[in-house]
Amino acid sequence: MPNKLHNETSPYLRQHQHNPVAWYPWGAEALNKAKAENKLLIVSIGYSACHWCHVMERESFENEDIAAVMNAHFVSVKVDREERPDIDQIYMIAVQLMTNQGGWPLNCVCLPDGRPIYGGTYFRPDDWRNVLLQLNEMWRERPEVAYDYADRLTAGVRQSEQLPINRIPEAYSTDDLQAVVTPWKRLFDKQEGGYKRVPKFPLPNNWLFLLRYAVLAQDSDVLEHVHFTLQKIASGGIYDHVGGGFARYAVDGQWHIPHFEKMLYDNAQLVSLYAEAWQQRPIEQYKRVVAETLEWVLREMTSPQGGFYCALDADSEGVEGKFYTFHQSEIAQILGADAELFIRYFGVTEEGNWEEEQTNVLKIDVEADKMAHEAGFSTEEWEKYLAQSKQRLLDYRSIRVRPGLDDKLLASWNGLMLKGFVDAYRVFDVPAYLKAALDNAQFIRHYLYAKDGGLLHQPEANGKIIMGFLDDYACCIEAFVSLYEATFDETWLYEAKRLMEHVLSHFYDQEAAAFYFTSATAEELIARKQEIMDNVIPSSTSTIVRQLYRLGLIFDKQQYIAIGSQVLANVVPHMEAYGSAYSNWAIQLLEQVYGCYEIVFTGAGHSEMRKELDNYYIPNKIVLGGTKETLPLLAGRVGHATKAYVCRNKTCSLPVEHVEELLELITQ
């Protein structure tokens, strides 16, 4: 008989419905049972694409003896971290306070009221069983020890990431940026790109900041390292050269062997990053990975309604990476006469280049495209050869057993991918990218709007409603603003502004000058947390602050800018110690130092002029345009003739009629 997870919509939870463990989903039933029976609570958190989550399930949660211990002495709750990031956030902080490390699977043992007393990540089966028996013995014989530790640990969870209110400085300077970037540079891996650590994560927002900083500060060393890193990432096995898309990280120091799970959020941000990097330096490889990654998203990660799915698993047939790797003999058979060059280009060998016997993870050398010219190909001929060869391997690969798909549709990650399509559209002018973005925006409005005017975290299903978290609002607001800048359809700006007003009403604490991750009307957990530090995804607070500035400039709302300025001032003193964890904040600091240009296009040819401007790299800008005077910056400036204005610090230039003149105004 299935356990209590059988009615859940999360693929991760459903994966555990036939475990002998009597799992419950998070909710009143489990919490009330723990209190009524005075049993400790096990809160086990993971996600469907998590390899070690599957390992612990196979070793421990499918083990009848271990399940018997869990069922006899505990109430066990399974949580999908992507479905309930608020719960994950609290117990991740608790485990980090206990062990100085974190990750998934995340396993916490808690008092019946949910306060943690013990936790860790992956446990071997015997260790897990012994830990549970010892904790149960302590709970039965010395409960006061558990209560004392729970009090102290919960206090630590509540106090973490609380920032004092600082004075807003008169102005920020290049010295403030240097203080952040100088120690950051010491982490650069000059041999392999990225940072001097293993495993290697792409961390797209880090390189987005460093790219913009390098250009604005004219730091050629940082600029070269950014491009070197991006070429290394795109050349390594962390990139799926056959089917497009990036894996979550590389387990080695050369970006070669991936942890094969593919996450929507990584790919969304990497598309935006590579599109922007191409705009700054048009390297053909960047264009290729953007096109192939977006083809993968449209082919494998898009719902019939236009929503974007969460992730693909690392494993297929119980083996990590089996779907993605090739024997040399397979490639020779598939490509025939075309195989020799392909095999050489991708570093394929008969003995294999991975731990599995004769198995190859495709990779290329950063300079590999020179091989094409040596073989007599033009750039266009080489791109055609690569595309055709990859398609033949993709067709062959498609008959294999596919990795599991996590088909959750999360508002935050959809917002990130929507923006990825918009950014690629603006740089490469591919109409299909804009169509995908518009389809997704309509999906968000139709399936992810709540009755109270806010957002849902995911579409309602089986009567289950999860209201939006701060990251859902932040990412959707950012996406709608970017969609406006691509189309000049003011609908999206007003939707962004409406959602921002909801955020200020439900997530902002004026007294603390802080945004909480959960709404004031959300389920009350053991702590209500902020999310300050940027991680693989920029933090919800940094993204909201960036959009407060942008909407404040667009709508001339000083209240938005004042709130954003205060929260930024609270964070800046912490950035110097660990710039990599504040990269999105650093982008805002960059705009405070170097300014943000508000570029306004009016008249009949406003869209064409925007397209022409997008041939140039200007990282610190907002673009507005149209033939209506409803926005403050367009008021009094609209006529039939096409004109452009550059505004900054509440002052606008005289109108110009050509992009070249506009660029002169910016570079003055």
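Rules behind the numbers
- Residues numbered from 1 in each chain as written.
- Predicted model: local features only at pLDDT ≥ 70, side-chain atom pairs only at ≥ 80, totals over all residues.
- Heavy atoms only, no water.
- Helix = DSSP H or I, 4+ residues; strand = E, 2+ residues; numbered from the N terminus.
- Rg over C-alpha atoms; globule rule 2.2 N^0.38 Å.
- Buried < 20%, exposed > 50% of the residue type's maximum accessible area, 1.4 Å probe, protein only.
- Contact = heavy atoms within 4.5 Å.
- Phe/Tyr/Trp six-rings, centres within 6.5 Å; stacked < 30°, edge-to-face > 60°.
- Core = buried A, V, L, I, M, F, W, Y, C linked by side-chain atoms within 4.5 Å.
- Pairing = 2+ DSSP bridges.
- Axes fitted to C-alpha atoms, helices over the stretch in contact; angles between N-to-C directions.
- Left-handed = near helix turned anticlockwise from the far one by under 90°.
- Nonpolar A, V, L, I, M, F, W, Y, C, P; charged D, E, K, R; others polar.

1. Let's talk about the overall build of the protein chain
Helix and strand content of the protein chain: 25 helices and 18 strands. Relative to a compact globule of 668 residues, whose C-alpha radius of gyration would be 26 Å, the protein chain shows 26 Å and is just as compact. The burial tally for the protein chain puts 61% of its 668 residues in the buried class. Residue pairs in contact within the protein chain that sit at least 24 positions apart in sequence constitute 69% of those at least 6 positions apart.

2. Focus on the packing of aromatic side chains
Ring pairs (aromatic) are described by centroid distance and by the angle formed between their planes. Evaluation of the coordinates by the stated rule reveals 38 aromatic pairs. With a centroid separation of 6.4 Å and an interplanar angle of 40°, the aromatic rings of Tyr118 and Phe123 are classed as tilted. You can call Tyr118 partly exposed: its relative accessible area is 30%. For Phe123, a relative accessible area of 10% translates into the label buried. Arranged with centres 4.5 Å apart and planes meeting at 45°, the rings of Phe342 and Phe346 form a pair that is tilted.

3. What about unusual backbone geometry?
Omega for the peptide link from Trp104 to Pro105 comes to 5°, which places this bond in the cis form. Among the structural elements, Pro105 can be located in the loop between helix 5 (85-99) and strand 4 (106-110). Each neighbour pair has its own omega, and for Val198 with Pro199 the value is 0°, a cis peptide bond. Tracing the backbone through its elements, the reader meets Pro199 in the loop between helix 8 (174-185) and helix 9 (204-216). One non-glycine residue, Gln218, adopts positive backbone phi at about 55°. With respect to the helices, strands and loops of the structure, Gln218 is situated in the loop between helix 9 and helix 10 (220-235). The class for Gln218 is exposed, based on a relative accessible area of 71%. Look at Phe488: it is not a glycine, yet its phi comes out positive at around 60°. Among the structural elements, Phe488 can be located in the loop between helix 19 (470-487) and helix 20 (490-506).

4. With respect to the nonpolar core
Counting residues in each nonpolar core, the largest one holds 188 residues, and the members touching the most others are Phe209, Tyr274, Ile477 and Phe515. For this core, the leading source of residues is helix 19, giving 12 residues. Other than its neighbours up to four places away in sequence, Phe515 contacts Leu470, Val503, Leu504, Phe507, Tyr508, Gln530, Thr541, Ile544, Leu548, Ile563 and Val567. Among the nonpolar cores identified, the runner-up in size contains 26 residues, and Ala30, Leu31, Val79 and Cys108 belong to it.

5. Considerations on the environment of Phe74
With respect to the secondary-structure elements, Phe74 resides in strand 3 (residues 74-80). For Phe74, a relative accessible area of 3% translates into the label buried. Look past the residues within four positions of Phe74 in its chain and what remains in contact with it is Lys39, Leu40, Ile42, Val69, Val109, Leu132 and Asn136.

6. Here's the deal with the sheet that holds strand 15 (residues 597-602)
The strand order 16-15-17-18 describes an open sheet built from 4 strands, whose pairing is mixed. Where the open sheet ends on each side, the last strands, each with one partner, are strand 16 (621-626) and strand 18 (651-652). Note: strand 15 against strand 17 (residues 643-648), 5 bridges, orientation antiparallel. Residue pairing in the sheet places Thr602 in a bridge with Lys643 of strand 17.

7. Describing the packing of helix 21 (residues 540-555) against helix 22 (residues 558-575)
Helix 22 packs onto helix 21 with a crossing angle of 145° between their chain directions and a minimal axis gap of 8 Å. Read as a crossing pair, helix 21 and helix 22 show a hand that is left-handed. Here Thr541, Val545, Leu548, Tyr549, Leu551, Gly552 and Leu553 of helix 21 come into contact with helix 22, specifically with Tyr560, Ile561, Ile563, Gly564, Ser565, Val567 and Leu568. Its residues assigned to classes, the contact of helix 21 with helix 22 comprises 10 nonpolar, 4 polar and no charged.

8. Focus on the pairing of strand 5 (residues 116-120)
Of all 5 residues in strand 5, 4 are buried; the element is thus mostly enclosed. Where strand 4 and strand 5 come together, 4 bridges link them in antiparallel fashion. The residue bridging Cys108 from the neighbouring strand is Gly119, located in strand 5. Remark: 5 residues form the turn of the hairpin made by strand 4 and strand 5, two consecutive strands paired antiparallel; Gly114 in that turn has positive phi of roughly 95°.

9. A short note on the sheet that holds strand 8 (residues 262-263)
With antiparallel pairing, the 3 strands of this open sheet are ordered in space as 8-9-12. On the outer flanks of this sheet lie strand 8 and strand 12 (405-406), each paired with one strand and no other. Two strands pair when backbone bridges link them, and strand 9 (residues 311-312) and strand 12 are joined in this way by 2 bridges, in the antiparallel orientation. Residue pairing for strand 12: Leu312 is matched across the bridge by Leu405.

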